[in-house]
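Fold and contact review
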Amino acid sequence: MNSHMDTDRSDSTSLEEGADRLEAAPPEATREDGGIDADAPIEDERVEDRIARLFRNGRTNALFAWAIVAVLVGVFAESLLDGDLISMAIITGLAAVVLAPAVSARDWRVMLPSELLVLALLPVLVGALFGGELGIFATYVALAALALVITVELHMFTSLRVTPWFAIVLVVMTTMATAAVWGILRWNADRLLGTNFLTTNEALMIEWIYVALAGIAAGVLFEAYFRRRGRRLRRAIWRVVRR
Amino acid sequence: MSGISASISRLLPRSLPRPSVQTQRRLTRGMQLILVGIVVYGVVGGAPKAITNGTIALLVTFIPALLERNYNIPLDPWLGVWITAAVFFHTLGSARFYAEIWWWDHLTHALSASLVAGVGYTTIRAVDIHSDAIRIPPRFAFAFILIFVLAFGVVWELFEFGLDIIADETGIAMPLAQHGLDDTVLDSMYNSLGALLVATFGQAHLSGVAERIRESLLSDGGRDE
């Protein structure tokens, strides 16, 4: 825990420096964000600037994030060999989400906070590294983390603007909505393809109770996460997410 | 204000022909009369489910008029008919048609989900207008409406599941019940259908609601947009 805090601090310092450096370059680009840029196209510089503030560009974090990417590549290769198209599509989507910040900033060090990535990709990572499966609760907490990551990236790359509380509400709703979609998909697969995913209504309801609890737990966790990050980093994230 | 009417007139070609206020009143009165009939039937025939459902539905049908009169929030005439129809068809269903017509349940689920979708859309618009820090472009509204309705559906099914457990434990007859796995999943599917319809066609009718609510609530110190 202690060592983690240390890297956290050094990362946030370098992030702050990076942000300062970029902020100094386009002086106007940072201030006018309050609402004027609705019509203006998002310039590369401004996107870079926002990313520099949200995403850590520390080396430690980036190396860790790239190790996660390596695992994703491994899983992709495995599903390619198995000819598993669904798995390949999922992994490609996840890799796009993980790599979007680095690609758009053209800097390999600009990555999402690696603890958030680990949480979001936990089902894939656990499956790849230990060959096990997570329970419903943990899977849906991971899904909530993925929804948070995507929300933050939409905030960064599109005209969508959210605040921390709105992002959390959205993530909790998305978690439950996904459970409904997943239920619908499995039910139809059972009917049309002869699979046996779903058993009884009671089993599905108990699953949904776990999902609802996971969504709420994730919401509480993210709230704490936004709060308890190092002071500087938190300021950096909130500054961006608040826009 | 001019911005709002401009945006409404821009959306008008996509909206359905507007019923006159008189037509809306007739439709609403007609449905309310039948609801009264259902309550009377419940009292005479000793059916507690018809009494509770009918009474609640009857009260809900007065909400649009109440909003207009007491809070000066004029609603699109279709919106009033829509709210009334959703509760009306559900009450008719629980009085008789759920058991007799297989698609009645799907109809009411799509209808009430469309109502939930409307509430979700209006909430998002209200948040969008109210908060400077939050901006939700229209192209995201579609996704929001779907997520909102699907999540609400999960909460709703869990609520029904809870009522079922309480009914089993205590023996009290509940106005709502689940009817097995197929029914639960089909409910979710028709909820999504209702949400899709609203996300596609409903925005034109709802676009002004959040603005009008905000305007009448903040009429003294509101910002100009």
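Being a predicted model, the structure only gives us computed values, none of them experimental. (Residues numbered from 1 in each chain as written. Chains lettered and ligands numbered in written order. Predicted model: local features only at pLDDT ≥ 70, side-chain atom pairs only at ≥ 80, totals over all residues. Heavy atoms only, no water.)

Moving on, we come to the overall build of chain B. In terms of regular secondary structure, chain B is built from nine helices and zero strands. In chain B, the succession of helices and strands from N to C terminus is α-α-α-α-α-α-α-α-α. Residue burial in chain B is summarised as follows: out of 225 residues, 47% are buried. Taking all contacts inside chain B whose residues are at least 6 apart in sequence as the whole, residues at least 24 apart take part in 70%. (Helix = DSSP H or I, 4+ residues; strand = E, 2+ residues; numbered from the N terminus. Buried < 20%, exposed > 50% of the residue type's maximum accessible area, 1.4 Å probe, protein only. Contact = heavy atoms within 4.5 Å.)

Broken down by element type, chain A carries 10 helices and zero strands. When the helices and strands of chain A are placed in sequence order, the string is α-α-α-α-α-α-α-α-α-α. Here chain A holds 243 residues, and 49% of them are scored as buried. Within chain A, contacts between residues at least 6 apart in sequence are counted, and of these 73% link residues at least 24 apart.

Moving on to helix 7 (residues 138–170) of chain B. The first and last C-alpha atoms of helix 7 of chain B sit 47 Å apart over 33 residues, in line with the 48 Å expected at 1.5 Å per residue. The positive-phi residue at the C-terminal boundary of helix 7 of chain B is Gly171 of chain B, with phi of around 80°. (Expected span 1.5 Å × (residues − 1).)

Taken together, the contacts link 37 residues of chain A with 29 residues of chain B. Where chain A abuts chain B, roughly 2800 Å² becomes buried across the two surfaces, and 78% of that area is made up of carbon and sulfur atoms. A per-residue breakdown of the area chain A buries against chain B is headed by Trp187, Asn201 and Trp208 of chain A, which together make up 21% of the total. Joining chain A to chain B, the criterion identifies three residue pairs in polar contact (both at pLDDT 80 or more). Only helix 8 (164–192) and helix 9 (201–228) of chain A provide two or more residues apiece to the side of chain A that touches chain B. If one sorts the elements of the side of chain A that touches chain B by residue count, helix 8 of chain A sits on top with 13 residues. (Buried area = accessible area lost by both parts, 1.4 Å probe. Polar contact = N/O pair within 3.5 Å; in protein donor to acceptor, adjacent residues only side chain to side chain.)

This brings us to the nonpolar core. If you look at the biggest cluster of nonpolar residues, it comprises 94 residues, and the most contacted ones within it are Leu72 and Phe222 of chain A together with Ile136 and Phe144 of chain B. Looking at this core element by element, the count peaks at 13 residues for helix 8 of chain A. Leave out the neighbours within four places in its chain, and Leu72 of chain A touches Ile91, Leu94, Ala95, Val98, Leu121 and Val124 of chain A. (Core = buried A, V, L, I, M, F, W, Y, C linked by side-chain atoms within 4.5 Å.)

We now examine helix 4 (residues 85–105) of chain A. Residue and element names in this part refer to chain A. Compared with the 30 Å implied by 1.5 Å per residue over 21 residues, the 30 Å span of helix 4 between its first and last C-alpha is a close match. The principal kink in helix 4, of about 50°, is found at Leu99, preceding the proline Pro101 by one to four residues. Taken residue by residue, helix 4 has Ser87, Met88, Ile91, Leu94, Ala95, Val97, Val98, Pro101, Ala102 and Ala105 as its buried positions. A distance of 3.4 Å separates the backbone nitrogen of Ile86 from a side-chain oxygen at the start of helix 4, and that oxygen is part of Asp84. Where helix 4 terminates, the next one or two residues include Arg106, which has phi positive at roughly 50°. (Bend = angle between axes of the 7 residues up to and from the residue.)

Structurally, Trp165 of chain A can be placed in helix 8. A relative accessible area of 47% means that Trp165 of chain A is categorised as partly exposed. Spatially, the C-alpha atoms of Trp165 of chain A and Gly219 of chain A are 9.1 Å apart, while their sequence positions differ by 54 residues. Those residues in contact with Trp165 of chain A that lie beyond four places of it in its chain are Val127 and Ile134 of chain B. Engagement of the side chain of Trp165 of chain A in a polar contact is seen with the side chain of Thr163 of chain A, the distance being 3.1 Å.

Residue and element names in this part refer to chain B. On the secondary structure map, Asn191 appears in helix 8 (residues 181–206). Look at Asn191 and you get buried, because its relative accessible area is 8%. Filtering out sequence-adjacent residues up to four positions away, Asn191 remains in contact with His109, Ala113, Val149 and Gly153.

Put simply, chain A has an average pLDDT of 73, and 69% of its residues get 70 or more. The least confident element of chain A is helix 1 (residues 2–24) of chain A, whose mean pLDDT is 37; the most confident is helix 8 of chain A, at 91. (pLDDT = per-residue confidence, 0-100.)

Below, the discussion takes up the confidence of the model for chain B. All names here are of chain B. Considering every residue of chain B, the mean pLDDT works out to 77; 78% of them sit at 70 or more. The spread of mean pLDDT over the elements of chain B runs between helix 1 (residues 2–11), the lowest at 45, and helix 7, the highest at 89. For the stretch residues 1–14, pLDDT sits under 50, and the model shows 10 contacts to residues farther than four places along the chain or on other chains. Counted against residues more than four places away or in other chains, residues 220–225, with its pLDDT under 50, gives six contacts. Across the interfaces of the predicted complex, the ipTM metric reaches 0.70, alongside a pTM of 0.71.

Further remarks concern the packing of helix 3 (residues 59–82) of chain A against helix 4 of chain A. All names here are of chain A. At a minimum axis separation of 9 Å, helix 3 and helix 4 run at an interaxial angle of 160°. As far as their axial angle goes, helix 4 and helix 3 are roughly antiparallel. For the pair helix 3 and helix 4, the sense of crossing is left-handed. Here Trp66, Val69, Leu72, Val75, Phe76, Ser79 and Leu80 of helix 3 come into contact with helix 4, specifically with Ser87, Met88, Ile91, Thr92, Leu94, Ala95, Val98 and Leu99. Tallied by class, the residues present in the contact of helix 3 with helix 4 amount to 12 nonpolar, three polar and no charged. (Axes fitted to C-alpha atoms, helices over the stretch in contact; angles between N-to-C directions. Parallel < 35°, antiparallel > 145°, perpendicular 65-115°, else oblique. Left-handed = near helix turned anticlockwise from the far one by under 90°. Nonpolar A, V, L, I, M, F, W, Y, C, P; charged D, E, K, R; others polar.)

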